[in-house]
Amino acid sequence: MLAYTFGTGLAGIALIAWIVVWLVVAVRVVRRSDLGFGGKAFWLVFILVVPLVGLLIYFVWDAARPART
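Residue numbering note: each chain is counted from 1, following its sequence as written. Owing to the predicted nature of the model, reporting of local features is limited to residues with pLDDT of at least 70; listing and counting of side-chain atom pairs is limited to 80 or more, with chain, interface and lining totals taken over all residues. Hydrogens and waters are ignored; side-chain quantities use all the structure's heavy atoms.

**Q** Just to check I follow, could you spell out the nonpolar core for this structure?
**A** Proteins that are soluble and globular tend to have nonpolar side chains buried together. Put simply, buried Ala, Val, Leu, Ile, Met, Phe, Trp, Tyr and Cys residues joined by side-chain atoms within 4.5 Å make one nonpolar core. A simple rule labels every residue: compare its accessible area, found with a 1.4 Å probe on the protein chains alone, to the largest value its type can have, and call it buried under 20%, exposed over 50%, or partly exposed in between. In this structure, V25, V29, L35, W43, I47, L55 and Y58 together form the largest nonpolar core, which totals seven residues. Excluding residues within four positions of it along the chain, I47 makes contact with W22, V25, A26, G54 and L55. Working rule for contacts: check all heavy atoms of both residues, and any pair within 4.5 Å makes them a contact.

**Q** Help me understand the confidence of the model for the protein chain in this model?
**A** As a per-residue measure, pLDDT reflects the predictor's confidence and takes values from 0 up to 100. Counting all residues, the mean pLDDT for the protein chain is 82, and 90% of those residues have values of 70 or more. Of all secondary-structure elements in the protein chain, the lowest mean pLDDT belongs to helix α3 (residues 51–64), at 80, while helix α2 (residues 37–49) reaches the highest, 90. For the purposes of this entry, the term helix denotes a DSSP run of H or I that reaches at least four residues, the term strand denotes a run of E that reaches at least two, and both are numbered from the N terminus.

**Q** Honestly, the environment of A41 in this entry has me stumped. Any pointers?
**A** Within the secondary structure, A41 sits in helix α2. Exposure remark for A41: the relative accessible area of 31% places this residue in the partly exposed category. For the pair A41 and V30, spaced 11 residues apart in sequence, the C-alpha separation works out to 8.7 Å.

**Q** Can you walk me through the pattern of salt bridges in this structure?
**A** Opposite charge on two side chains makes pairing possible when the charged atoms of those side chains draw close. Take a side-chain nitrogen of Lys or Arg and a carboxyl oxygen of Asp or Glu: if they are within 4 Å of each other, that pair is a salt bridge. Across all of its chains, the model carries one salt bridge by this definition. R32 serves as the salt-bridge partner of D34, at 2.7 Å between the closest nitrogen and oxygen.

**Q** How should I be thinking about the packing of α2 against α3 in this particular structure?
**A** A pair of packed helices is captured by two measures, namely the crossing angle of their axes and the spacing between those axes. Axes here refer to lines fitted to C-alpha atoms; in helices the fit is confined to the stretch in contact. Angles between the N-to-C directions go from 0 to 180 degrees. Interhelical geometry of α2 versus α3 gives an angle of 135° and a closest axis separation of 5 Å. Here α3 runs oblique to α2, going by the angle between their axes. Touching W43, F46, I47, L48 and V49 of α2 are P51, G54, L55, I57, Y58 and W61, all from α3. Only Asp, Glu, Lys and Arg are considered charged, only Ala, Val, Leu, Ile, Met, Phe, Trp, Tyr, Cys and Pro nonpolar, and every remaining residue, Gly among them, polar. Tallied by class, residues from the contact of α2 with α3 come to 10 nonpolar, one polar and no charged. Note on terminology: angles under 35 degrees are roughly parallel, angles over 145 are roughly antiparallel, angles of 65 to 115 are roughly perpendicular, and the others are oblique.

What follows is the structure, encoded as structure tokens:
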């Protein structure tokens, strides 16, 4: 029988948070009008294959862009 522990619950919450962050970034990438299909595909594959580094690089790259009006 599996017993609930604090670490198990925390890991579950972290996994759910990670999935939510990935989905938010994926939606932001898909909705961008300045990227073509190749750029969108690159970012989606990059953040999927290299999750932590990919998301951090995307956030830094997106923050460096000029503000949208």
